[in-house]
Amino acid sequence: MNDETRYILSDAARGLDVPTRRLFLRNALGLGTLAMLSGCDVVDGLSAERVLGAMSDFNDRAQAWLFNPNTLAREYPARMITRPFPFNSFYTPNSPDLAPRIDPREFLLNVTGLVERKDDWTLRQLYALPRFTQITRHVCIEGWSAIGKWTGVRFSDFLARVGADRHAKYVTFRCDDNYTTSIDMATALHPQTQLCFWMNDAVLPRQHGFPMKLRVPTKLGFKNPKHIGEIAIGNDYTGGYWETYGYNWFSGL
Ligand SMILES: Nc1nc2c(c(=O)[nH]1)N[C@H]1C(S)=C(S)[C@@H](COP(=O)(O)O)O[C@H]1N2
Ligand SMILES: [Mo]
């Protein structure tokens, strides 16, 4: 492989999720193979990207296909809880002071799209929902993980209460800091997927997502939206913040 080839490949591979990228680079797929895959004689950066983009879509579908709705993420004993629990956000790492300030008395959660009941929810109403607690591991794609204890309503119960169309493809989360992400319905209905309001037995701290976050222990950390302001059910792909930077959309663990 010459330098230019290497450059084109590693540049295009940036659009892949980490494990796929690692595999891809380890196997150092040559230009010849890539040309064969894409069916063109001359492989430039753009066609390499197109092939890799198709691989990433394939990766989403393969992961969705392999996802077992009955497989539970591991739960841990309380003594293994990580303290302090790391803070992370897209706007600036290590600046919890920039996390949104939300007035709990004014807060309203919007529920939109393919649902029978589009009423907004106050925090008082949300806090009154039946709750369960999980101690699970949060895994960030940036290379750290931490164990926390989260309490809140089973998301499938919440979806049933609002009369969500369970055959819709996507659930999209729009957050107060303009972060967004979306998940597949199978994951939304997974028994450990939780709309959570408490962390380590206290109200969810501001930097960790007050007033609520979605806890999804079967997916990477960036698929766990904090400061949720809107939950939308629909069939149109909506992607998300990190997804537009090339992180694999499904990102199952
Ligand atoms: N609203 C919002 N949610 C978000 C993020 C964000 O920047 N904004 N970052 C994601 C990422 S990449 C991670 S690792 C976790 C970090 O959660 P923590 O701060 O509680 O550790 O939140 C996820 N959810
Ligand atoms: Mo993350």
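Because the structure is a prediction, the values reported are computed rather than measured.

What counts as what
Counting starts from 1 at the beginning of each chain's written sequence and moves along it residue by residue. Chains carry letters from A onward and ligands carry numbers from 1 onward, assigned in written order. Reporting in this predicted model follows two pLDDT cut-offs: at least 70 for local features of residues, and 80 or more for side-chain atom pairs to be given and counted; totals over whole chains, interfaces and linings ignore these cut-offs and use all residues. Each side-chain value is worked out from all heavy atoms of the structure, with water and hydrogens disregarded. Throughout, the term near means that a residue has one or more heavy atoms lying within 4 Å of the molecule or strand in question. In protein, a polar contact requires one atom able to donate a hydrogen and another able to accept it; more generally it is a pair of N or O atoms within 3.5 Å, and residues adjacent in sequence count only if both atoms are side-chain atoms. Using the Shrake-Rupley algorithm and a 1.4 Å probe, accessible areas are obtained, with residue cover drawn only from the displayed protein chains. Under the DSSP-based scheme used, a helix requires at least four consecutive residues in state H or I and a strand at least two consecutive residues in state E, with every element numbered from the N terminus. Residues are treated as being in contact if the distance between any of their heavy atoms lies within 4.5 Å. Only buried Ala, Val, Leu, Ile, Met, Phe, Trp, Tyr and Cys residues count toward a nonpolar core, and they belong to the same one when joined by side-chain atoms within 4.5 Å. Type-normalised accessible area, obtained with a 1.4 Å probe on protein chains alone, sets the label of each residue: buried when under 20%, exposed when over 50%, and partly exposed for intermediate values. Note: two strands are recorded as paired if DSSP finds a minimum of 2 bridges between them.

A. Highlighting the site of ligand 1. Residues in close proximity to ligand 1 total 21 residues, the closest being Pro-86, Phe-90, Asp-177, His-208 and Lys-226. With respect to ligand 1, the backbone of Asn-88 contributes an N or O atom lying 2.8 Å from an oxygen atom. Contacts to ligand 1 include His-208, whose side-chain N or O atom sits 2.6 Å from an oxygen atom. Protein chains bury 99% of the 540 Å² of accessible surface belonging to ligand 1 in isolation.

B. Broad picture of the environment of Val-171. Relative to the assigned elements, Val-171 resides in strand β5 (residues 170-175). Along the primary structure Val-171 and Ala-232 are separated by 61 residues, whereas in three dimensions their C-alpha atoms are 5.7 Å apart. When sequence neighbours within four positions are dropped, the list of residues in contact with Val-171 reads Phe-155, Thr-181, Ser-182, Ile-183, Met-185, Ala-188, Ile-231, Ala-232 and Ile-233.

C. Expanded view of the nonpolar core. Counting residues in each nonpolar core, the largest one holds 31 residues, and the members touching the most others are Leu-109, Leu-126, Phe-155, Phe-158, Leu-195 and Ile-231. At the level of secondary structure, the elements contributing two or more residues to this core comprise β1 (108-113), α5 (123-127), α6 (155-161), β5, α7 (185-188), β7 (194-199) and β10 (228-234). Residues Ala-146, Cys-196, Met-199 and Leu-204 belong to the second largest nonpolar core, which totals six residues.

D. Representation of the sheet that holds β5 within the structure. The strand order β2-β1-β10-β5-β6 describes an open sheet built from five strands, whose pairing is mixed. In this open sheet, the two edge strands, each paired with only one partner strand, are β2 (121-122) and β6 (180-184). Here four bridges tie β1 to β10, and the two strands are oriented parallel to one another. What sits directly across from Asn-110, in β10, is Glu-230.

Fair warning: the whole summary comes from geometry, so function is off the table for now.
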